[in-house]
Amino acid sequence: MNADHTNQLFEDFPALYWGRHLPVTENLMSFGFCCGDGWFELLYSLSQQIQNYNLQHPEIPVIAIQVKEKFGGLRFYVDQSVLEIEAAIAEAELKSLQICEITGRPGRLHRRNGYYQTVCSEKARELGFEPV
């Protein structure tokens, strides 16, 4: 994800992403968001949902540990299991499989040389991906 989008998420949700200042042995957010800019809106919405939960439950806030793409889908890891947050994350991960990771337009899972990525048809043609 580009620096502008990364900084916006870090600035708008500092409590959720404060772990980026911790050593990588404790939190991987120092690597930023290891996915494309096409998922920015999806990540922003999920971050808002988690922030709202944290505001309602300040005694034990949920902290992001790692955000990345894996096998063409979003992966969003947090420091504790909370049913409401896990459901929101699962929904976002499913939505990511319908959003081009590069452009943010509607997309679907594609494959190229064993690598999977969710992209729109235009990017699939441009990059040589085939539908799964």
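Residues numbered from 1 in each chain as written. Predicted model: local features only at pLDDT ≥ 70, side-chain atom pairs only at ≥ 80, totals over all residues. Heavy atoms only, no water.

Engineer: Hey, could you go over the sheet that holds strand β3 (residues 73–78) for me, with residue numbers and the actual values?
Structural biologist: Neighbouring strands of a sheet are bound in pairs by backbone hydrogen bonds; such pairs are parallel or else antiparallel. Read across the open sheet, the three strands follow the order β1-β2-β3; overall the sheet is mixed. Either end of the sheet is taken by a strand with one partner, and the two such strands are β1 (33–34) and β3. (Pairing = 2+ DSSP bridges. Helix = DSSP H or I, 4+ residues; strand = E, 2+ residues; numbered from the N terminus.)

Engineer: Talk me through the packing of aromatic side chains; I want residue IDs and the actual numbers.
Structural biologist: In this structure the tally under the stated criterion is six aromatic pairs. Look at F13 and Y44: their rings are 4.9 Å apart centre to centre, the planes differ by 70 degrees, and that puts the pair in the edge-to-face class. Separated by 31 residues along the polypeptide, F13 in the loop between α1 (3–12) and β1 and Y44 in helix α2 (residues 40–56) bring together distant segments of the chain. Owing to a relative accessible area of 3%, F13 belongs among the buried residues under this scheme. Every member of this aromatic cluster is reached through a ring pair, and the members are F10, Y17 and F33. (Phe/Tyr/Trp six-rings, centres within 6.5 Å; stacked < 30°, edge-to-face > 60°. Buried < 20%, exposed > 50% of the residue type's maximum accessible area, 1.4 Å probe, protein only.)

Engineer: Before we move on, could you go through the sheet that holds strand β6 (residues 130–131) and cite the residues and values that matter?
Structural biologist: If you walk across this open sheet you meet the three strands as β5-β4-β6, and the pairing is antiparallel. Only two strands of the sheet have a single partner each, and these edge strands are β5 (115–119) and β6. Bridge count for strand β4 (residues 108–112) against β5 is five bridges, and the pairing is antiparallel. Directly across from R112, in β5, lies its bridge partner Y115.

Engineer: Got a sec to walk through α1? Specific residues and values, please.
Structural biologist: Regarding α1, the residues found buried are T6, L9 and F10. Considered in projection along α1, the buried side chains sweep an arc of 95 degrees and stay on one side of the axis. Across α1 from its buried face, at more than 90 degrees, point the exposed residues D4 and E11. On the buried face of α1, the contacting elements are β1 and α2. Capping the start of α1 is the job of one residue whose side-chain oxygen sits 3.0 Å from the backbone nitrogen of D4: N2. (Arc of directions from axis to C-beta. Contact = heavy atoms within 4.5 Å. Polar contact = N/O pair within 3.5 Å; in protein donor to acceptor, adjacent residues only side chain to side chain.)

Engineer: Could you give an account of the packing of α1 against α2, naming the residues involved and the relevant values?
Structural biologist: It is at 11 Å that the axes of α1 and α2 come closest, and there the two elements cross at 10 degrees. Of the possible angle classes, the one that applies to α1 and α2 is roughly parallel. Here α1 contributes H5, Q8, L9 and D12 to the contact with α2, which in turn contributes F40, L43, Y44, S47 and Q51. Considering only residue class, the contact of α1 with α2 consists of four nonpolar, four polar and one charged. (Axes fitted to C-alpha atoms, helices over the stretch in contact; angles between N-to-C directions. Parallel < 35°, antiparallel > 145°, perpendicular 65-115°, else oblique. Nonpolar A, V, L, I, M, F, W, Y, C, P; charged D, E, K, R; others polar.)

Engineer: Provide a residue-level description of the pattern of salt bridges, including the pertinent values.
Structural biologist: Within the structure shown, the criterion is met by three salt bridges. Residue E91 pairs with K95 through a salt bridge whose shortest N-O separation is 3.2 Å. Placement of the pair is E91 and K95 together in helix α3 (residues 83–96), with a separation of four residues, close to one helical turn. Note that E122 is salt-bridged to R105, the shortest N-O span being 3.2 Å. (Salt bridge = Lys/Arg side-chain N within 4 Å of Asp/Glu carboxyl O.)

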